[in-house]
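Here's the letter readout for the chains.
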Amino acid sequence: MTMPEFKQLVDELKKDVQEIELDELEKMQANGEDVVIIDVRESQDSQQSMIPGAVAIPRGMLELNIDQVTSDKDKTIVLYCGGGSRSALAAWMLQKMGFRNVLSLAGGFKAWRDKHGK
């Protein structure tokens, strides 16, 4: 069970993090927009299934390995996890590292799976 302090922390951080809805992300992909999508779930989860076009970097390795995906501080980056909490934490941290266009997918992979059934 999630500790109430974790939920409180995530709720507080989400005030400083922009979320994106799945439909908006899919429009960006369909329009060929230059966006990096990062799955921050643990590797055993991302190995089972990922949003098409995503790159897997587990949350615990993101700050260390973000430069393997991009070092462009203006690049649009969409992060997702299982439900949207860890990706909000990850987005907040990337913002602290100077990335200016970081988004967290509202509902995370669950939203994608609910829509696409995979």
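Scroll up to find the structure.
In this text, all values refer to a predicted model and were calculated from it rather than measured experimentally.

Caption draft 1: The arrangement of helix α6 (residues 108–116) in detail. Of all the residues in α6, the buried ones are Gly108, Phe109 and Trp112. For α6, the arc enclosing every buried residue in end-on projection is 115°, short of the 170-degree limit, so these residues lie on one face. Its buried side turned inward, α6 meets α2 (22–30), β4 (76–80) and β5 (102–105). At the C-terminal side of α6, Gly117 shows a positive phi close to 65°.

Caption draft 2: The arrangement of the pairing of strand β2 (residues 35–39) in detail. Burial of β2 is extensive: five of the five residues sit out of reach of the surface. Residues Val35, Ile37 and Asp39 line one face of β2 and the alternating positions Val36 and Ile38 line the opposite face, and both faces are buried. In terms of strand pairing, β2 meets β4 through five bridges, oriented parallel. Considered in β4, the bridge of Val36 is made with Ile77. Alignment of β2 against strand β3 (residues 55–56), held across two bridges, turns out to be parallel. Across the sheet, residue Ile38 finds its bridge partner in β3, namely Val55.

Caption draft 3: Local environment of the packing of aromatic side chains. On inspection of all chains with the given rule, the structure shows two aromatic pairs. Ring centres of Tyr80 and Phe109 lie 6.2 Å apart, and the angle between their planes is 20°; on these two criteria the pair is classed as stacked. Here Tyr80, found in strand β4, pairs with Phe109, found in helix α6; they are 29 residues apart in sequence, far enough to count as distant. Here the aromatic residues Tyr80, Phe109 and Trp112 are joined through ring pairs into a cluster of three or more. Lying across the ring of Phe109, Arg41 places its NZ or CZ 4.1 Å from the centre.

Caption draft 4: Local environment of the pattern of salt bridges. For the structure on display, the rule yields 10 salt bridges. Here Arg41 makes a salt bridge to Asp39, at a shortest N to O gap of 2.7 Å. A single burial state applies to Arg41 and to Asp39, both of which are buried. The salt bridge partner of Asp74 is Arg100, with a shortest N-O separation of 2.7 Å. In this pair, Asp74 sits in the loop between α4 (62–65) and β4 while Arg100 sits in the loop between α5 (85–96) and β5, placing the two residues 26 residues apart along the sequence. With relative accessibility at 48%, the residue Asp74 sits in the partly exposed group. Looking at Arg100, the relative accessible area reads 58%, which means it is exposed. What emerges from the salt-bridge pattern is a single network uniting Asp23, Glu26 and Lys115.

Rules and cut-offs
Residues numbered from 1 in each chain as written. Predicted model: local features only at pLDDT ≥ 70, side-chain atom pairs only at ≥ 80, totals over all residues. Heavy atoms only, no water. Buried < 20%, exposed > 50% of the residue type's maximum accessible area, 1.4 Å probe, protein only. Helix = DSSP H or I, 4+ residues; strand = E, 2+ residues; numbered from the N terminus. Arc of directions from axis to C-beta. Contact = heavy atoms within 4.5 Å. Pairing = 2+ DSSP bridges. Phe/Tyr/Trp six-rings, centres within 6.5 Å; stacked < 30°, edge-to-face > 60°. Lys NZ or Arg CZ within 6 Å of the ring centre and 35° of its normal. Salt bridge = Lys/Arg side-chain N within 4 Å of Asp/Glu carboxyl O.

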